[in-house]
Amino acid sequence: MVIKDNDLKNAVEKLKIENIKMEHISKIGEGSWHNVYRIESNIEEDLVLRIRKKKAYGQLQAYKEIDLITEYESSKVYYNQANQCSFPICPSFFDYFQEESLVFTVESFMGKGKILQYLSDSEAFKIGEVLGEFFKVMHRKDPEIQGFGNIIWNGKNLEGKKQQEVNYIWQNENDFYLSILNSLTTSDLTFNREKVVNKLLNLIENRRENQQKISLVNQDVTPENIILNLDNVSIIDPFPKLDFDLKYAGYFVFCYKFLLPAYSNAPRYRKHAYNKNSNILSRIADGFMKGYISDNVNLYKCLLDEYILWTLLEAHEHYEILNESELNPKTLQQMGDKDMIMNRLTLCLNELENLSLDNSFTFFNN
Ligand SMILES: Nc1ncnc2c1ncn2[C@@H]1O[C@H](COP(=O)(O)OP(=O)(O)O)[C@@H](O)[C@H]1O
Ligand SMILES: [Mg+2]
């Protein structure tokens with residue numbers, strides 16, 4: 001194959017790998033931000049070259065050096081910490097190159113995953129279990145980066161955007177959930193207010209007393225960023241943040257049980273047809289819970305509470321966006337048009353109502 005792509009040629013030159021031939025390079029994937037190539041080697045491990053796209057979500061992306069350093073240094077730290085927890089769940093090699101005309105990363109090739117519809121129920125469950133066990137250990141580890149929240153590069157190191165006392169952050173977060181609950185209950189939306197409010201007030205009262213641990217969490221755990229292969233389940237392209245441990249375990253389950261199927265009509269996700277594979281996604285989430293909570297009933301209840309709070313947050317985000325006069329192109333791509341957003345808001349409110357019923361404890365078991 002003759003490679004015509006100039007960026008690819010330039011990147012390969014910059015890599016300075018000896019004896020590399022273009023026929024050893026093949027395109028293996030593409031996300032919203034990178035075109036991805038595998039470089040095969042007879043001597044060393046295979047590598048992956050991720051060339052940053054100039055356009056994302058239909059818009060030209062300005063070159064922002066600090067943002068790129070932040071993104072790639074955080075991936076490096078995440079990969080490193082993850083591999084200390086379970087080797088080799090992430091690429092053991094990672095590096096990046098950036099100048100205005102060309103930005104790329106190189107990392108270990110982690111193998112080829114199966115596509116969702118080819119996973120059997122039991123494979124999906126076991127992959128989820130491996131992930132749950134990994135995230136449990138990862139969340140228990142004290143992060144090297146100090147602070148809380150989004151990670152930023154301060155010119156020398158990475159740090160969390162917020163440098164406040166943990167209990168202060170924790171109580172503020174609980175207050176925030178109450179404030180968005182209030183904005184939904186005082187809106188003109190139709191849902192069973194009494195049930196939902198009762199459930200959430202109790203939940204928050206209990207949550208305040210059970211402060212969680214700050215961990216290095218991954219905000220992007222979609223199947224596109226996981227190599228779904230039981231022999232070597234791997235996590236790639238993380239979007240790390242410093243945030244609470246159980247909250248993000250709940251996020252994984254929320255993603256696989258609810259979010260991915262619910263977003264499958266949005267242009268950004270349509271091609272993945274997550275709604276058609278919702279059973280498989282749900283099995284991955286079941287396995288994850290088994291791996292993460294290992295039959296600890298109290299932990300299970302707390303995880304379910306976090307799931308409910310993610311549903312509340314999602315409902316509120318949808319409600320806020322519907323109040324905007326016009327949707328920006330990124331929102332249109334990621335969430336769909338106003339009708340889709342309204343329908344998804346209804347789904348979120350139904351889910352909230354169901355989870356607020358007295359027997360919601362059995363929610364995941366049926
Ligand atoms: N290290 C890797 N090993 C194997 N496959 C990879 C690796 N990195 C990326 N890929 C493949 O390329 C696809 C897109 O890569 P990704 O890094 O997620 O791009 P983006 O940053 O645009 O989301 C992935 O879904 C995966 O199939
Ligand atoms: Mg990706």
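Details of the structure are given in the entry above.
Residues numbered from 1 in each chain as written. Chains lettered and ligands numbered in written order. Predicted model: local features only at pLDDT ≥ 70, side-chain atom pairs only at ≥ 80, totals over all residues. Heavy atoms only, no water.

Novice: Explanation requested: the overall build of the protein in the structure shown.
Specialist: Along its length, the protein carries 10 helices and 13 strands. Taken over the C-alpha trace, the protein has a radius of gyration of 21 Å; the compact-globule value for 366 residues is 21 Å, and the two agree within 12%. In terms of its C-alpha atoms, the protein occupies a principal-axis envelope of roughly 70 × 45 × 45 Å. Expressed as a percentage of its 366 residues, the buried residues of the protein come to 51%. Put simply, of all contacts in the protein between residues at least 6 apart along the chain, 69% involve residues at least 24 apart. Of the accessible surface of the protein, which amounts to about 18,500 Å², a share of 47% is contributed by carbon and sulfur atoms. (Helix = DSSP H or I, 4+ residues; strand = E, 2+ residues; numbered from the N terminus. Rg over C-alpha atoms; globule rule 2.2 N^0.38 Å. Buried < 20%, exposed > 50% of the residue type's maximum accessible area, 1.4 Å probe, protein only. Contact = heavy atoms within 4.5 Å. Areas by Shrake-Rupley, 256 points an atom, 1.4 Å probe, with all protein chains shown as cover.)

Novice: Please explain the site of ligand 1 as it appears in this structure.
Specialist: With respect to spatial proximity, 20 residues lie near ligand 1, and among them Trp 33, His 34, Arg 50, Glu 107 and Glu 224 are the closest. Here Arg 50 contributes a side-chain N or O atom positioned 2.8 Å from an oxygen atom of ligand 1. A distance of 2.6 Å is found between an oxygen atom of ligand 1 and a backbone nitrogen or oxygen belonging to Glu 224. Coverage of ligand 1 by the protein chains reaches 88% of its 550 Å² of free accessible surface. When residues of the shell around ligand 1 are traced back to their parent elements, those giving at least two are β1 (25-30), β2 (34-39), β3 (47-52) and β7 (102-108). (Near = heavy atom within 4 Å. Polar contact = N/O pair within 3.5 Å; in protein donor to acceptor, adjacent residues only side chain to side chain.)

Novice: Even after reading the chapter, I still don't get the pattern of salt bridges, so can you show me in this structure?
Specialist: A side chain of one charge can pair with a side chain of the opposite charge when the charged atoms of the two come close. Following the criterion strictly, the structure yields 20 salt bridges and no others. The residue Glu 99 makes a salt bridge to Lys 14 at a minimum N-O spacing of 3.6 Å. Pair noted here: Glu 99 is in strand β6 (residues 94-99) and Lys 14 is in helix α1 (residues 6-15), with a separation of 85 residues, a long-range link. Here the salt bridges share partners, and the residues they tie into one network are Glu 173, Arg 207, Lys 241, Asp 243, Lys 247 and Glu 306. (Salt bridge = Lys/Arg side-chain N within 4 Å of Asp/Glu carboxyl O.)

Novice: Looking at this structure, I do not really get unusual backbone geometry. What am I missing?
Specialist: Peptide bonds are trans in most cases, and residues, glycine excluded, mostly fall at negative phi. Following Phe 87, the chain continues to Pro 88 via a peptide bond in cis, the omega torsion being -5 degrees. Secondary-structure assignment places Pro 88 in the loop between α2 (65-85) and β6.

Novice: Looking at this model, I keep getting lost on the environment of Glu 45. Mind explaining?
Specialist: Examined against the element boundaries, Glu 45 turns out to sit in the loop between β2 and β3. Judged by its relative accessible area of 40%, Glu 45 falls in the partly exposed class. Placed 199 residues apart in sequence, Glu 45 and Phe 244 show a C-alpha to C-alpha distance of 35 Å. There is a polar contact of 3.1 Å between the side chain of Glu 45 and the side chain of Ser 108.

Novice: Would you take a moment to explain the coordination of the magnesium ion (ligand 2) for this structure?
Specialist: Octahedral metal centres with six donors ideally show angles of 90 or 180 degrees, and tetrahedral centres with four donors ideally show 109.5 degrees. Only Asn 225 (OD1) and Asp 237 (OD) from the protein reach the magnesium ion (ligand 2) as donors, at distances of 2.1 to 2.2 Å. In this pair, Asn 225 is assigned in the loop between β10 (214-218) and β11 (226-227) and Asp 237 in the loop between β12 (234-235) and β13 (240-244), connecting sequence segments 12 residues apart. Under the relative-accessibility criterion, Asn 225 is labelled buried at 8%. (Donors = N, O, S within 2.8 Å, 3.2 Å for Na, K, Ca; no water.)

Novice: Can you help me understand helix α6 (residues 245-262) in this one?
Specialist: Given 3.6 residues to a turn, an α-helix orients residues that are three or four positions apart in the same direction. Over its 18 residues, α6 extends 24 Å from the first C-alpha to the last, a length consistent with the 26 Å expected when each residue adds 1.5 Å. The principal kink in α6, of about 50 degrees, is found at Cys 255. Counting buried residues in α6 gives 17 out of 18 residues, a clear majority hidden from the surface. (Expected span 1.5 Å × (residues − 1). Bend = angle between axes of the 7 residues up to and from the residue.)

Novice: Please explain the sheet that holds β7 as it appears in this structure.
Specialist: Reading across from one edge, β1-β2-β3-β7-β6 is the order of the 5 strands in this open sheet, with antiparallel pairing throughout. Looking at strand neighbours, the two that pair on one side only are β1 and β6, the edges of this open sheet. Going across the sheet, the axis of each strand differs from the next one's by a mean of 20 degrees, ignoring polarity. Alignment of β6 against β7, held across 6 bridges, turns out to be antiparallel. Pairing of Phe 94 across the sheet is with Glu 107, part of β7. Where α2 meets the sheet, its contacts fall on β2, β3, β6 and β7, and the angle it forms with β6 comes to roughly 175 degrees. (Pairing = 2+ DSSP bridges. Axes fitted to C-alpha atoms, helices over the stretch in contact; angles between N-to-C directions.)

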